[in-house]
Amino acid sequence: MVSGTLFQCRKNSWPPEEYVSRATLQLLDDDSAAPPQQAWRRRLNGHAKFLKEFSVTFTEAIKMVRLGLRLWSYVREEASYGRKAPIDPFTKESTKPSASQGVPLGGMGSGSVSRGFRGEFRHWQILPGLCDTSPVMANQFSIFVSRDGGAKNYASVLAPGGHEDLGKPSDQGISSWGWNLSGQHSSYHALFPRAWTIYDGEPDPELKVSCRQISPFIPHNYRDSSLPTAVFVYTLVNTGKERAKVSLLLTWANSIGGVSHLSGDHVNEPFITAKDNPPVTFAIAACETQNVNVTVQPWFGLSEGDSVTARDVWLKMTRDGEFDHENFGTGQSMPSSPGETPCAAVSASVWVEPHGRSTVAFAVAWCSPRVKFLKGSSYYRRYTKYFGTSEKAAKELVYYALTNYKKWEEDIEKWQSPILMDAKLPEWYKFTLFNELYFLVAGGTVWIDTPLASENSRHYQHHLGNDENTNINITAAEFNPKDSAVVELMKSSYVGTDGMPSESAEKGHPLKDDAAVALKELHRPAAFVEPYYDSDDVGRFLYLEGVEYIMWCTYDVHFYASFALLNLFPKIELSIQREFAKAVLSEDGRKVRFLAEGNCGIRKVRGAVPHDLGTHDPWNEMNAYNIHDTSQWKDLNPKFVLQVYRDFAATGDMSFGVDVWPSVRAAMEYMEQFDRDKDGLIENDGFPDQTYDTWTVHGVSAYCGCLWIAALQAAAAMAFQIGDKEFAEICKAKFLKAKYAFEAKLWNGSYFSYDSGSSSNSRSIQADQLAGQWYTASSGLPNLFDDHKIRYALQKILDFNVLKIRGGRMGAVNGMHPNGKVDDTCMQSREIWTGVTYAVAATMILAGMEDQAFTTAEGIFTAGWSDEGYGYWFQTPEAWTTDGHFRSLIYMRPLAIWGMQWALSRPRAILEAPKINIMDRIESSPVGLRTLLHHHEPGVRKIKSRKKCFGSSALHCAC
């Protein structure tokens, strides 16, 4: 439980001067070494408190006991096949979650490693669907400082705190290292995809150190944003009177988290696994220049009996500040035994003159080119399009990173600056907006190459961005998660940037041993030639609903999160919509047991939008979610239609519209079965048949009903523009009829009631009641209701769902009774959903209620991201209770904050949409609308000839 100060003060900005002295900021204010004015900040000595998970009430447990038993049986059944169930509330992580997260490393879809704000590498997601949250403590940066005269020497791991059994004389492991950093004068500054750690006189009072972490997350760059690599740039400023020799050390264990480093048989040579598990290669590198000397330690262990121990490494660096140059010629090591931890290290040393400054750059890359899902399907990752399919590509990735990171930073700053410099936006909003994007890296994303590209473009001509003579000294560690691993030492001396023959492998043919030539034998950097490249081909993209809910591209949640992709990577967003459009027209007749009721059905029904693209065989086995039969859900089809129309209108891509239109029409026609009283409205069926999957709905509901009438208008508008005017007339007639019925049944004078039933919560105030209006306004369509009704409902939500919960410092609770008491009908009605709160705020912005919007959304920042909050930074959960207990960390839906940014800066294609109500432009046919409503045939009657785009678009149309 946090202190009461959480809800007594509100901080709108965190000036860096509160964390770093102004003098230090001025010294570092060059070449991006100083952190930006707008960033999320923490002191390194900040306590990483444990997080508290939610629990169900006794009443809720009684209601869910049958579901719990069936789910337990299903989890055990999946485990018997060696698989993890997509939802498993019974198995807990060995490492208790804590407030320790920071900006993750790497681009999208190639596996990820996170780095905590105190410097530990943790939260390993290299293999799809698998996540180990525990830190690998051997992975550290350390610093060694000696000054002329030898009177002042400093050595410390650049992370605060210690290791258990620290300082034991016999200890040969990492606890023998100097864990001397207090963190009191050091601070962490995060603005995704970059982070800065400032050591303001620690451990040497006369040395200012900035470590800048850079990852290639660059909007509209579909190449570099797929790369599994990150760069760490150290800026060293000597404020003393003596010259200082500064040595930086990066140590790395051969591990992908957990106990994987203990598997044994780790050796110093390339290897092919016998069990067909995709190998993983790590590479760590430092950039050698005229002033920076790089040396390596190819192997050391953490046990007392190892030939080179962690203690030996530390003593060597403390004494000499570097390793022996002969290490570059080290041959194969002996295989490690089970229980041993093989590690490697690279050091970079430089002399810093009095009042001078120097820069040292490191890079980390990992290469797991082949994605293999548990039910057998395998794919190559997106970056193999440019770096080949060999697991040896890690060494080329670190070189590419070290020679291109400056261009990455230029592009990142160009993207972020307009928002950061906008004086109208609150400070907390600016950095929270960017930092919530962490999920697109750390949310279990998988980005694969397309089969066509895999066959025809295994090589790519990439242009290295540094024309200077540069030596890259690399230590690469290759690891197979189940069998064995290698550590390979390589040294390169690159002169110039002209090309040489590629060592990359063709599809299906890994590099031979004799191709793994030590880089020091090469004269020029690798170059790639690509005979085929389609700028519209962005491969296939998956991201998890959350690290605890292992389902790919969960669609009812993507509805909220998709604004981030549409803003930043619109081609990926369109590719996801195409995947679901194909799925709508498919059917999978395999039997599935649904756990909530115990009944059976088929896996995928034609015409129904799938809940997700699967878990263990995505694209081929959809609907991994099996709690309810989602073919009976009332929100998925309308959400599909709304997302497709928004993307169609925003991008102006007519070919996309034509391609997906049959699926849009099929999705709308499928929903007719749920309008049982023929009033134009769909009805819910007395069970949780929508994204709130424990919150029962009876009759017409505010949430699904609003989505439905919004979908009718969007379908009519899209049909009109595509050329299917007959279906446009049908949708218009239904829209007018449904809108009247919706308002008549649910509008009570100040908001739309939860549903039209007679239950105790039927008049509850649902925070998400205007979800359809949110999309309508976001797409440039006319409002669904009179302006005053929209504003009344939003004000009611603010007054009750937001401000009555700790004064508005926690976000919007999902359900609130009109008497001001939280709706405790079920677990979800009493929760605060972070992504829904952002969506409500976006709806307020679109309704001209910006002040109310930021008041609403700020509660998520205060409770989740602020110093006084609960500690959910870079792991924003799906939900928390009114006492701050979380459910489902690292969740997709909070990306809905980009719906706020969309509302603040809608693209020109939306803003310049025709001002005439498009519904008024749809004329009735002579046969009469009633005839159309009852006698229309399925299928598209007439579609305009295919065009590339229409209108004006601000989202990089490729035509």
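Description of the structure in this document. Please read these numbers as outputs of a predicted model, since none were measured by experiment.

Comments concerning the overall build of the chain
Next, step 1: Each helix and strand counted, the chain has 22 helices and 31 strands in total.
Next, step 2: Evaluated residue by residue, the chain yields a buried proportion of 65% over its 959 residues.
Next, step 3: Total accessible area computed for the chain in this model is approximately 33100 Å², and 50% of it derives from carbon and sulfur atoms.

Remarks on the sheet that holds strand 2 (residues 104-105)
Next, step 1: Spatial strand order, 2-3-4: 3 strands in an open sheet with antiparallel pairing. Two strands in the sheet have a free side with no partner beyond their single neighbour: strand 2 and strand 4 (121-125).
Next, step 2: Pairing analysis gives 4 bridges linking strand 3 (residues 112-115) to strand 4, with the strands arranged antiparallel. The partner of Val113 across the bridge, within strand 4, is Trp124.

Quick word on the nonpolar core
Next, step 1: Counting residues in hydrophobic clusters, the biggest one holds 294 residues, and the most contacted among them are Phe362, Leu437, Tyr543 and Phe640.
Next, step 2: Among the elements that line this core, the one with the most residues is helix 14 (residues 702-722), at 18 residues.
Next, step 3: Residues within four places of Phe640 in sequence aside, it is in contact with Tyr555, Gln577, Phe580, Ala581, Val584, Val609, Ser663, Val664 and Ala667.

So, unusual backbone geometry
Next, step 1: Between Phe192 and the following residue, Pro193, the backbone shows a cis peptide bond with an omega angle of 10°.
Next, step 2: Structurally, the position occupied by Pro193 is in the loop between strand 7 (186-191) and strand 8 (194-200).
Next, step 3: Cis geometry marks the peptide bond from Glu202 to Pro203; its omega dihedral reads -5°.
Next, step 4: On the secondary structure map, Pro203 appears in the loop between strand 8 and strand 9 (207-214).
Next, step 5: Its identity as a non-glycine residue notwithstanding, Cys553 has a phi of 55°, on the positive side.
Next, step 6: Note on placement: Cys553 falls in the loop between strand 22 (540-542) and helix 10 (555-568).
Next, step 7: Given a relative accessible area of 0%, Cys553 falls into the buried group.
Next, step 8: At Asn623, a position not held by glycine, the phi torsion is positive, near 60°.
Next, step 9: With respect to the helices and strands, the residue Asn623 is situated in the loop between strand 24 (600-604) and helix 12 (636-651).

Some words on the pattern of salt bridges
Should the charged atoms of two oppositely charged side chains come close, the side chains can pair.
Next, step 1: Under the definition given, this model contains 44 salt bridges.
Next, step 2: A salt bridge links Arg590 to Glu621; its shortest N-O distance comes to 3.3 Å. Here Glu621 lies in the loop between strand 24 and helix 12 and Arg590 lies in strand 23 (residues 588-593), a separation of 31 residues in the sequence.
Next, step 3: Classification of Arg590 by relative accessible area gives partly exposed; the value is 41%.
Next, step 4: Linking Asp635 and Lys639 is a salt bridge whose minimum nitrogen-to-oxygen distance equals 2.9 Å.
Next, step 5: Take Asp635: its relative accessible area is 0%, and that puts it in the buried class.
Next, step 6: Classification of Lys639 by relative accessible area gives buried; the value is 0%.
Next, step 7: Among the ionic contacts, a cluster of salt bridges with common partners joins Arg147, Lys152, Asp204 and Glu206.

The rules we used
- Residues numbered from 1 in each chain as written.
- Predicted model: local features only at pLDDT ≥ 70, side-chain atom pairs only at ≥ 80, totals over all residues.
- Heavy atoms only, no water.
- Helix = DSSP H or I, 4+ residues; strand = E, 2+ residues; numbered from the N terminus.
- Buried < 20%, exposed > 50% of the residue type's maximum accessible area, 1.4 Å probe, protein only.
- Areas by Shrake-Rupley, 256 points an atom, 1.4 Å probe, with all protein chains shown as cover.
- Pairing = 2+ DSSP bridges.
- Core = buried A, V, L, I, M, F, W, Y, C linked by side-chain atoms within 4.5 Å.
- Contact = heavy atoms within 4.5 Å.
- Salt bridge = Lys/Arg side-chain N within 4 Å of Asp/Glu carboxyl O.

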